[in-house]
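Topology and contacts: notes
If you want the building blocks of each chain, they are given just below.
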Amino acid sequence: ASEHPNTMATFFGSVPEAPADGIFEIRALFNQEKNPAKIDVGVGAYRDDAGKPSVMKAVQKAERLCLEETHNFEYLPVEGIQSFRDLAAELLYGKDSPVIKEGRLAVMQSLSGTGALNLSADFLRLNVGPDTVVHVPTPTWENHDNVYKQAGLKVAPYRYYNPKTLWLDFDALKEDLSSLPDRSVILFHACAHNPTGIDPTPEQMKEIVAICKAKHHLPILDSAYQGFASGSLDNDALFIRLFAASGLEMMVAQSFSKNMGLYNERVGTLSVVCPSAAQAKAVLSQLKAYCARATYSSPPSHGARIVAKVLSTPELRAEWEAELKSFADRIIHMRTLIHDRLVALGTPGTWDRILKQIGMFSYTGLTRDQCEALIKEHHIFLLRSGRMSMAGVTPATAHRIAEAIDHVVRASVRTIPSHL
């Protein structure tokens, strides 16, 4: 007689529960909180002055136009919609970029930025080698480690943020990039570094590019916030364009989740700058056949059609750029409200870094215990690393957040460094 199923060895009986994702854990705690005055500054999504999700008017209009057009539901090409890919590339590199004009760019439509990173990881494993090490800044978006390790690659840190000065450790960054073996793979944030909100200056970017060129490194740039950082699409693409002009091969993961608010449509691209048009064709063929085809086969269409409609319609493009600038300006204003209230309260330390940081997030410099106190005592939900989403701050909550920070800082032994 066969054994009872309950006594047989199972395939899945010993599978352990995975650790909770830090961001989604905080979101779950926020949803469970009963206090009506709770504040969510953990999730990386834009909110308006009322704290509500905001759908861009240009995006709404573009979607209506797309729905009026006749489309079937046939599979898209594995590489995605041609018009979308072309327009997305121009947004990153500039319409007159030599890499576009010379046909040296391989572009794949992707499942937003995370999907683009996954394509890059699979491509590197298959074509550079399974022993490839991807060097990432310390700290970085936690999913960077996850993506590259799950693809079978190794991940190693390079120094970026100095927890003593609470700012960019540029000398250490340069030292690490210079001491890495030639032809290393290095991931950079294109703009609005997540989680710190601290970017290199344009001059520092040029120095980084020069080091990478001298060492023949392969840069991967994660572009999740173009236009959302400074309010200027061109300014936020500077790091990408400096690398592209250097003659280096490079990869860029591009997302439209933030700058068009298309979070759940999963719209993005992976672009690869190659030494020749022939090589770009070969790279695209590999991405299609062995990366995309083996995972999701072909991409979805709806979000990509919306992006293409916005970027190709002058009136919608202008309206979108104005809205995007207003979003960036609102975040900058929230930074000012929190900073000024902390100064007025005389909160220990100085807080100029909140103004100097850029983009959606602020790395507050608060300790884990201080963050726990904000969550448990003040019902302000931020990441325990001290990362706060400035996009979740509103005029009605800014002072309360500052006052809560003041309380937890005064209640703790640690004093925030005061030299900034």
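Everything discussed here concerns the structure shown above.
This report concerns the structure included in the present document.

Attention now moves to the overall build of the protein chain. Helices and strands together make up the secondary structure of the protein chain, namely 15 helices and 13 strands. The C-alpha atoms of the protein chain give a radius of gyration of 22 Å, which matches the 22 Å a tight globule of 420 residues would have. Taken over the C-alpha atoms alone, the protein chain extends approximately 75 × 60 × 55 Å along its principal axes. Looking at the protein chain as a whole, 53% of its 420 residues are labelled buried. Restricting the contact set of the protein chain to residue pairs at least 6 apart, pairs at least 24 apart contribute 77%. Split by element, the accessible area of the protein chain, about 19,200 Å² in all, is 54% carbon and sulfur. Seen as two clouds, the 44 positive and the 46 negative side-chain charges of the protein chain have centres 0 Å apart.

What follows deals with the nonpolar core. Phe84, Met260, Trp320, Ile338, Ile401 and Ile405 are the most contacted members of the largest nonpolar core, which totals 66 residues. Those elements giving two or more residues to this core turn out to be helix 1 (22-32), helix 2 (57-68), helix 3 (82-93), helix 11 (302-312), helix 12 (314-345), helix 14 (368-378), strand 12 (380-381) and helix 15 (398-411). Here the element with the most residues in this core is helix 12; it accounts for eight residues. The residues touching phenylalanine 84, leaving out its near neighbours within four places in the chain, are Gln109, Phe256, Val267, Gly268, Thr269, Ala304, Val307 and Ala308. Trp167, Phe188, Ala190 and Phe243 belong to the second largest nonpolar core, which has 35 residues in total.

Let's shift gears to the sheet that holds strand 4 (residues 154-159). Reading across from one edge, 2-10-9-8-7-3-4 is the order of the seven strands in this open sheet, with mixed pairing throughout. Strands at the two margins of the open sheet, each flanked by one partner only, are strand 2 (105-111) and strand 4. Put simply, the sheet's adjacent strands are angled 25° from each other on average, direction ignored. Alignment of strand 7 (residues 185-189) against strand 8 (residues 218-223), held across five bridges, turns out to be parallel. From the neighbouring strand, leucine 187 faces strand 8, where its bridge partner is isoleucine 220. Contacts from helix 7 (residues 170-179) reach strand 4 and strand 7 within the one sheet, and its direction differs from that of strand 4 by about 140°.

Turning our eyes to something else, we now look at the packing of aromatic side chains. Per the counting criterion, the structure on display carries twelve aromatic pairs. A centroid spacing of 6.2 Å and a plane angle of 45° characterise the contact between phenylalanine 11 and phenylalanine 12, whose relative ring orientation is tilted. For phenylalanine 12, a relative accessible area of 69% translates into the label exposed. Taken together, a centroid distance of 5.0 Å and an interplanar angle of 80° make the contact between tyrosine 161 and tyrosine 363 edge-to-face. Note that tyrosine 161 is positioned in strand 5 (residues 161-162) and tyrosine 363 in strand 11 (residues 361-363), a separation of 202 residues in sequence. A relative accessible area of 14% means that tyrosine 161 is categorised as buried. By way of ring pairs, the aromatic residues Tyr158, Phe188, Phe239 and Phe243 are connected into one cluster. In this structure, arginine 353 is placed above the aromatic ring of tryptophan 351, and the distance from its NZ or CZ to the ring centre is 4.6 Å. Of note, lysine 356 hangs over the ring of tryptophan 167, and the distance from its end group to the ring centre comes to 4.4 Å.

Turning our attention to the environment of threonine 336. Relative to the helices and strands, threonine 336 resides in helix 12. Separated by 59 residues in sequence, threonine 336 and alanine 277 have C-alpha atoms that sit 47 Å apart.

The subject of this paragraph is helix 12. Helix length check: helix 12, at 32 residues, gives a terminal C-alpha distance of 47 Å against a target of 46 Å (1.5 Å per residue), a fit within 8%. Of the residues flanking the end of helix 12, it is glycine 346, one or two places downstream, whose phi is positive at about 70°.

In this section: the pattern of salt bridges. This structure, assessed with the given rule, holds 23 salt bridges. Close ionic contact of arginine 125 with aspartate 122 constitutes a salt bridge, the shortest N to O distance being 2.9 Å. Taken together, the positions of arginine 125 and aspartate 122, both in helix 5 (residues 112-127) and three residues apart, correspond to about one turn of that helix. Look at arginine 125 and you get partly exposed, because its relative accessible area is 28%.

Reading the values: the criteria
- Note that residues are indexed from 1 along each chain, following the sequence as it is written.
- At least 70 in pLDDT is required for a residue's local features to be given in this predicted model, at least 80 for side-chain atom pairs to be given and counted, and no such filter applies to totals for whole chains, interfaces and linings, which use all residues.
- Based on all heavy atoms of the structure, the side-chain values leave hydrogens and waters out of the count.
- Runs of H or I in DSSP of at least four residues are treated as helices and runs of E of at least two as strands, each being numbered from the N terminus.
- What the globule rule says is 2.2 Å times the number of residues to the power 0.38, and the radius of gyration is computed from C-alpha atoms.
- Partly exposed describes any residue whose relative accessible area lies between the buried limit of under 20% and the exposed limit of over 50%, with all areas from a 1.4 Å probe on protein chains only and scaled to the type maximum.
- The contact definition used throughout considers only heavy atoms, calling two residues in contact when any of these lie within 4.5 Å.
- A 1.4 Å probe and the Shrake-Rupley method give the accessible areas. Residues count as covered only by the protein chains that appear here.
- Under the counting rule used here, the positive set is Lys and Arg, the negative set is Asp and Glu, and His together with the chain ends is not counted.
- Here the site of a charge means NZ on Lys, CZ on Arg, CG on Asp, or CD on Glu.
- Buried Ala, Val, Leu, Ile, Met, Phe, Trp, Tyr and Cys residues form a nonpolar core when they are joined through side-chain atoms within 4.5 Å.
- Note: two strands are recorded as paired if DSSP finds a minimum of 2 bridges between them.
- Angles shown run from 0 to 180 degrees and are taken between the N-to-C directions of axes, each axis being a line fitted to C-alpha atoms and, for helices, limited to the stretch in contact.
- Each aromatic pair joins two rings of Phe, Tyr and Trp (for Trp, the six-membered one) with centres within 6.5 Å, and gets the label stacked for planes under 30 degrees apart, edge-to-face for over 60, and tilted for any other angle.
- Charge-over-ring contacts are defined here by two conditions on Lys NZ or Arg CZ: a distance within 6 Å of the ring centre and an angle within 35 degrees of the ring normal.
- Expected helix span is given by 1.5 Å per residue-to-residue step, counting one fewer step than there are residues.
- Take a side-chain nitrogen of Lys or Arg and a carboxyl oxygen of Asp or Glu: if they are within 4 Å of each other, that pair is a salt bridge.

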